[in-house]
Amino acid sequence: MIVRSTAEITGTDRDVTSDDGNWRSKRIVLGGDGVGFSFHETTIEPNTVNKFHYANHVEAVWLVEGEGTLTDLDNDKVYELGPGSMYLLDGHERHRLEPRTRMRMLCVFNPPVTGREVHDENGVYPLIEVAAG
Ligand code: 9YT
């Protein structure tokens, strides 16, 4: 069994802030934990525009706090999100998140993020395989 708190992740290399400072993600479970998914707590600042595209990963996001809009850029659809909203990127959709208030969300990735990923200019994470251990 693994037991962790976000407090012990804060300030470590599992605590990642985007170059533009718009979002911060605490990666609670990573590929190296060997369980087939990664699990993150992400916060996104209000009044920011954030484009993401996870070409190699499926992601589920559950919004704990905050409100804003989610745009599915592949299908030209706009969704209003609030506490309790969930979105599942089962089609690797390009998307844009625009929080009106600070969003705090819990995110699950399959396959797991390893922790070494950095966004390229399209917001894509490469697929990095890592041995469990
Ligand atoms: C909102 C969202 O897509 N969060 C994903 C996780 C975060 N961008 C990270 O850990 O890199």
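Conventions adopted
Each residue is numbered by its place in its chain's sequence as written, counting from 1. In keeping with the model being predicted, local features are shown solely for residues with a pLDDT of at least 70 and side-chain atom pairs are shown and tallied solely at 80 or more, while totals for entire chains, interfaces and linings include all residues. Only hydrogens and water are removed before side-chain values are computed, so all heavy atoms of the structure are retained for them. Between any two strands, at least two bridges found by DSSP are needed for them to pair. Helix numbers and strand numbers start at the N terminus; a helix is a DSSP run of H or I with at least 4 residues, a strand a run of E with at least 2. Lines fitted to the C-alpha atoms define the axes, with helices restricted to the stretch that makes contact. Angles between their N-to-C directions range from 0 to 180 degrees. Each Phe, Tyr or Trp ring (for Trp, its six-membered ring) is paired with any other whose centre lies within 6.5 Å, and the angle between the two planes then decides the class: stacked below 30 degrees, edge-to-face above 60, tilted in between. For every residue, the accessible area (1.4 Å probe, protein chains only) is compared with the maximum for its type, and the residue is labelled buried under 20%, exposed over 50%, or partly exposed between those bounds.

A.B. asks: How do you make sense of the sheet that holds strand S7 (residues 77-81) when you look at a structure like this?
C.D. replies: Sheet strands line up and pair through hydrogen bonds in the backbone, either parallel or antiparallel. With antiparallel pairing, four strands are arranged side by side in an open sheet as S4-S9-S6-S7. Two strands bound the open sheet, and with one partner strand each, they are strand S4 (50-52) and S7. Between one strand axis and the next, the sheet turns through 20° on average, direction left out of account. Note that strand S6 (residues 68-72) and S7 share five bridges and pair antiparallel. Among the inter-strand pairings, Asp-72 is bridged to a residue of S7, identified as Lys-77.

A.B. asks: Help me understand the packing of aromatic side chains in this model?
C.D. replies: Evaluated as defined, the whole model comprises three aromatic pairs. A ring pair is formed by Phe-52 and Tyr-54, whose centres lie 6.0 Å apart and whose planes are at 15°; its orientation type is stacked. For Tyr-54, a relative accessible area of 6% corresponds to the buried category. One aromatic cluster in this structure is built from Trp-23, Phe-52, Tyr-54 and Phe-109.

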